[in-house]
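Understanding the architecture of this molecule
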Amino acid sequence: MTHDVGSTNERTAILSAEDLGVAYDDIPAVSNVTVAFARGEVTALIGPAGSGKTSVLRALNRLHDLTPTARVHGSVRLHGKDVYDTDVDAFEVRRRVGMVFETPAPFPMSIYDNVAWGARMHARTLDLDAVVEQGLERAGLWDEVKDKLRQSALRLSAGQQQRLCIARTIAVDPDVILMDEVTAPLDPISTGKVEELILRLRQDYAIVLATHNVQQAGRLSDRVTFFLVDDNRTGRLIEWAETDSMFFAPRDARTEAYISGRAGSDLSTRGRTG
Amino acid sequence: MRPQMRPRARSSAVVRALFAFATVVTLASLTAVVAHVVNTAAGLVAVGGPDASDRSPIPDSPVATSDQTGEGEVIASWTLLESLVRRRQIEREVSALLPEGTRLEFRSWLSLSFVTRGYSPNPLRTGIRGALIGSVWMVAIAVVVAVPTGVAAAIYLEEFCPRDLLRKAMRESVHLLAGVPSVVYGLIGLVLFVRFLGPLTSGAAFGATATRVPTGRTIVSAGLTLALLTLPRIVIAAEQAINAVEPRVRLAAFSVGATRWQVVRDHVLPQAGPEIGAAAILAIARAVGDAAIVIMVGASTVVIADPGPFAAFTALPVVAYQWAMRPDASYRGLASAALLVLLLLVVVLNAAAAVARSRARRTR
């Protein structure tokens, strides 16, 4: 599979994957993914369901370590160091490559503890109150919750919960934030708030956003990667380019079909060449 | 459509009736047990005065003489139902058939003094103090030993076990162990705790032995055996509770860089805790009524002094069993009363489990 690297400067990339693949029970779910993510950029992963977006995301922060049936091959480099090297601490990788999930998953604790829990774990001498306030502030949630920090996080709305999860991720000071369909279960207004938040956070982190929503990818991302399954139901990276160039001049006919909404999950690589 | 409706409705009615019948059988058997125990735990008794003392109520007991108590002996007894329904008839029978001076009185075998009194050869004065203390000791030891061990094993299996195959094999073994009959555990207890670890379980190693000749047939041995019996059930229940912790919370915790132990300590255990507690209480409540295991480990028939951990002991189900085997009616009443206390203990434990469960639901 050949694809253009767009114009991403490999030297500014914080996190990069090379020939990355994930298999469950030895059945490949996605393979041959080469991509890089730079600070100050939002990279959207788009493609139909089952094309391997989530598998790639979870390979980037070694979350597959927790699934005994999952195998990751290829390499993932964080600041040039392969995170799958034996001398690398997976827990430290996950702190530096944070992740927010589709369903808001606040801990069944107070709002304060949700943000403080991760931070407390990594540095005990930290001024936690400041970390919590800063995290909530940056997640655009501070004004809404500052008077009820001791309240259970489960009583927040879904949109607030999702922003709380982002605050929680920010609080442990990551370099990269992986977001897996973070607005999928939210109403349009909550989605709008989360999208604004992503644009605000963009300058300080490398953000990787998996989404079903092509328009959202267009609104938020600087670069887009397009995934599709091949004949063996294995996900492939079809195209990786700057958002504008992919939306206005996709190099691959399948990309164009998907972006323009003419084709969905029935797309396959059969009989076409990228 | 129409012609098909009737036969289908009929078969569904049959199935529904079968299910209803099964429910009725279940409830009826439970009701029968409780009704029988209550029915025999109280009722009219005919008590012979001192001149009727030649009829010893305990033929096989050498110390059974009524003049020690001065309260007379039970010559005959009737169930609660009989006492309520045929009182007149019973009164006539007593005055016609039983010797002069026989008193007819209503007696509840279950009473406060029954619970607080120790052993007495006179069924009117005996109590279950020693057996109750023995059972409570055993529950306490089982809780202290089996709950932490079982939870730790479940955490290992669910969170730390490195290989999936190993985890499955160990899980199957635990399930197998949960099905092993209690009498087998009793044998293990006898061999392991009473004989092999005798110096420890008798308290001799700590200079704490309560008997002149140190023996491993102590409360500690029985409690540890009870812990062994409940352990697999606690492991299974804890595994299920740990499994029920929302995976997204777990993933989220890992995603901020938490270690396994931090996730278990701060998220898994707090969420699974009440559920585990409830299941553990139920497992122990189930085991506390098991007579076989205690008899195997060597429960005594008679305990005079309040037993300590290293003392010879007896337990509620053993006492109830021994009394139920006696031929005379008064001991049947005592057995029922002892069983009622046991049932009450189990009901209390179940209520505690229910409270734990409702707490678990509220925090979710």
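As a reminder, the structure under discussion sits directly above these lines.
As a starting point, this report considers the structure included with it. (Residues numbered from 1 in each chain as written. Chains lettered and ligands numbered in written order. Predicted model: local features only at pLDDT ≥ 70, side-chain atom pairs only at ≥ 80, totals over all residues. Heavy atoms only, no water.)

The next thing to look at is the overall build of chain B. Helix and strand counts for chain B come out as 14 helices and 3 strands. Looking at chain B residue by residue over its 364 residues, the buried ones come to 43%. Relative to all contacts within chain B whose residues are 6 or more apart in sequence, the contacts with residues 24 or more apart total 74%. Accessible area of chain B: about 18900 Å², with a carbon and sulfur share of 65%. (Helix = DSSP H or I, 4+ residues; strand = E, 2+ residues; numbered from the N terminus. Buried < 20%, exposed > 50% of the residue type's maximum accessible area, 1.4 Å probe, protein only. Contact = heavy atoms within 4.5 Å. Areas by Shrake-Rupley, 256 points an atom, 1.4 Å probe, with all protein chains shown as cover.)

Let's shift gears to the overall build of chain A. The number of helices and strands found in chain A is 10 helices and 10 strands. A separation of at least 24 residues holds for 68% of the contacts in chain A among residues at least 6 apart in sequence. Total accessible area on chain A is roughly 11700 Å²; 45% of this is exposed by carbon and sulfur atoms.

Counting residues at the interface gives 20 residues for chain B, matched by 27 residues for chain A. Of the roughly 1900 Å² buried at the junction of chain B and chain A (both faces included), carbon and sulfur atoms supply 69%. The largest contributions to the chain B side of the interface with chain A come from B:Arg248, B:Ser255 and B:Val256, which together make up 31% of the buried area. For the pair chain B and chain A, the interface holds 0 salt bridges. Here chain B is connected to chain A by 2 residue pairs in polar contact (both at pLDDT 80 or more). For the side of chain B that touches chain A, the elements supplying multiple residues, two or more each, are α6 (164-178), α10 (247-255) and α11 (260-288) of chain B. (Buried area = accessible area lost by both parts, 1.4 Å probe. Salt bridge = Lys/Arg side-chain N within 4 Å of Asp/Glu carboxyl O. Polar contact = N/O pair within 3.5 Å; in protein donor to acceptor, adjacent residues only side chain to side chain.)

Glancing now at the packing of helix α3 (residues 111-122) of chain A against helix α6 (residues 158-170) of chain A. All names here are of chain A. Running from N to C, α3 and α6 cross one another at 30°; their axes reach a closest spacing of 7 Å. With respect to α6, the axis of α3 lies roughly parallel. Relative to α6, the crossing made by α3 is right-handed. Facing Ile111, Asn114 and Val115 of α3, the residues of α6 in contact are Leu164, Ala167 and Arg168. (Axes fitted to C-alpha atoms, helices over the stretch in contact; angles between N-to-C directions. Parallel < 35°, antiparallel > 145°, perpendicular 65-115°, else oblique. Left-handed = near helix turned anticlockwise from the far one by under 90°.)

Time to look at a nonpolar patch on the surface. Residue and element names in this part refer to chain B. Together, Leu30, Val33, Val34, Val38 and Leu343 give the surface a local cluster of nonpolar side chains, amounting to about 380 Å² of exposed area. A per-element tally of the nonpolar patch places helix α1 (residues 2-41) first, with 4 residues. Tracing the backbone through its elements, the reader meets Leu343 in helix α14 (residues 329-363). Looking at Leu343, the relative accessible area reads 33%, which means it is partly exposed. (Patch = residues over 30% accessible without salt bridge, like charges linked within 9 Å, V, L, I, M, F, W, Y side chains within 5 Å.)

On to the side chain of B:Gln262. Structurally, B:Gln262 can be placed in helix α11. Residue classification places B:Gln262 among the buried positions, given a relative accessible area of 13%. With sequence-adjacent residues up to four places away left out, B:Gln262 is seen in contact with A:Trp117, A:Met121, B:Gly257 and B:His267.

What follows deals with the packing of aromatic side chains. In the structure shown here, the tally under the stated rule is 4 aromatic pairs over all chains. Where A:Phe107 meets A:Trp117, the ring centres are 5.2 Å apart and the plane angle is 75°; that geometry is what we call edge-to-face. Separated by 10 residues along the polypeptide, A:Phe107 in the loop between β6 (97-100) and α3 and A:Trp117 in helix α3 bring together distant segments of the chain. With respect to class, A:Phe107 is no different from A:Trp117; both count as buried. Note on B:Trp323 and B:Tyr331: the rings are 6.4 Å apart at their centroids and 50° apart in plane angle, and the pair reads as tilted. On the basis of relative accessible area, B:Trp323 is assigned to the buried category, the value being 6%. Of the residues examined, B:Tyr331 reaches a relative accessible area of 2% and is grouped as buried. (Phe/Tyr/Trp six-rings, centres within 6.5 Å; stacked < 30°, edge-to-face > 60°.)

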